[in-house]
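Descriptive analysis of the structure
Each chain is listed here by its residues.
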Amino acid sequence: PLPGYAVSLADVSAFHEGSNAAVLKDIDLALRQGERLAVIGSSGAGKSSLLALLSGELPARTGSIAATPATLLTQRTELFEDSLRGNLTLADPKASEARLHDVLAAAGLLADVEAMPQGIDTRLGEGGLGLSGGQSRRLALARLFLRATPLWLLDEPTEGLDGATARDVLGRLSAMAAGRSLVIATHIRREAVIADRIAVIEGGRILDVSRRGEVAFEKALDRLRPD
Ligand code: GTP
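Residues numbered from 1 in each chain as written. Predicted model: local features only at pLDDT ≥ 70, side-chain atom pairs only at ≥ 80, totals over all residues. Heavy atoms only, no water.

Quick notes on unusual backbone geometry
The test is simple: A run of DSSP states H or I qualifies as a helix once it reaches four residues; a run of E qualifies as a strand once it reaches two. Both are numbered from the N-terminal end. Buried residues are those whose accessible area, probed at 1.4 Å on protein chains only, stays under 20% of the maximum for their type, while exposed residues exceed 50% and partly exposed ones sit between those limits.
Even without being a glycine, Asp11 presents a positive backbone phi close to 55°. Counting through the fold element by element, Asp11 comes out in strand S1 (residues 5–14). Note on Asp11: relative accessible area 48%, which makes it partly exposed. We note that Asp26 has phi near 50°; this positive angle belongs to a residue other than glycine. Assignment of secondary structure puts Asp26 in strand S2 (residues 24–32).

Dropping the structure here:
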């Protein structure tokens, strides 16, 4: 991207494999380094697809795309039948013990891990069996924190968490994201209020982009599910 920018997209269209209808159409978007963008819109509008495009997972068919290296935090946390350590170090196999300790603390998971029978070497069951929803989301955060890319792509990062856990997780994400660019796909108000701008996407097109302080920004927030 241009100097000072994390993302620049011009006239981008994209198709999912095997589909002959564009899932993203005429996308123009520029994101500055350190800027936070929320992407909102109905179910099926293309929010997750836009994140996939920015992560490089979904190729652009037309137009031009430039983005700094990004890490995608998906809606569902993929956990493997392995130790907590193994589930964490897949994000950075060279992470030191001190670094693992730091990211677990930043994710709010340290006390839980220390209370487990074998600490960080406790084995998880398939799909993270043995962890609560909040614990597995925090493990996903710790994994994200190990990926020091300038751009983080968050897909409904607190969906399914209770209010108190969600606020804690969002606060931790926000603190660790200082200086990075964020794109947050969401339909929940609490996840969009931390953004500098909100993009509304429908039918694969960006219909509107508003900035904090503008009336349209407040209107966009009002469309979202209350916390
Ligand atoms: P929610 O997550 O439900 O809020 O929707 P979203 O706004 O994130 O939409 P998403 O980007 O997931 O989907 C946009 C369109 O692409 C929908 O019509 C989906 O059915 C379709 N789609 C999503 N993933 C795939 C895929 O892997 N293959 C194909 N062929 N279509 C997909």
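Let's talk about the side chain of Gln135
Let me state the cut-off plainly: Any two residues whose heavy atoms approach within 4.5 Å are treated as being in contact.
Here Gln135 is to be found in helix H5 (residues 133–146). Note on Gln135: relative accessible area 15%, which makes it buried. For Gln135, the residues in contact, after removing those within four places along its chain, are Leu109, Asp112, Met116 and Gly130.

Here's the deal with the nonpolar core
Generally speaking, soluble globular proteins have nonpolar side chains that are buried together. For clarity, the cut-off: Think of a nonpolar core as a cluster: buried Ala, Val, Leu, Ile, Met, Phe, Trp, Tyr and Cys residues, connected wherever their side-chain atoms sit within 4.5 Å.
Membership of the largest hydrophobic core comes to 34 residues, with the highest contact counts inside it found for Leu88, Leu104, Leu139, Phe145 and Leu154. Only helix H2 (84–89), helix H3 (97–106), helix H4 (110–114), H5, strand S6 (151–155), helix H6 (163–176) and strand S7 (181–185) provide two or more residues apiece to this core. Counting residues per element, this core draws most heavily on H5, at 7 residues. Apart from the residues lying within four places of it in its own chain, the contact partners of Leu88 are Leu100, Leu104, Ile120, Leu139, Ala142, Arg143 and Leu146. Of all hydrophobic cores here, the second largest spans 25 residues; its members include Leu24, Leu29, Ala52 and Ile201.

Topic: the pattern of salt bridges
Counted only if it meets this: The rule for a salt bridge is simple: a side-chain nitrogen of Lys or Arg has to be within 4 Å of a carboxyl oxygen of Asp or Glu.
Scanning the entire structure with this criterion turns up 9 salt bridges. For Arg223, the salt bridge goes to Glu202, with nearest N and O atoms at 3.1 Å. Of this pair, Arg223 sits in the segment after helix H8 (215–222) while Glu202 sits in strand S8 (residues 197–202), and the two are 21 residues apart along the sequence. We classify Glu202 as partly exposed; its relative accessible area is 22%. In the salt-bridge network here, residues are joined through shared partners; they are Arg85, Glu97 and Asp121.

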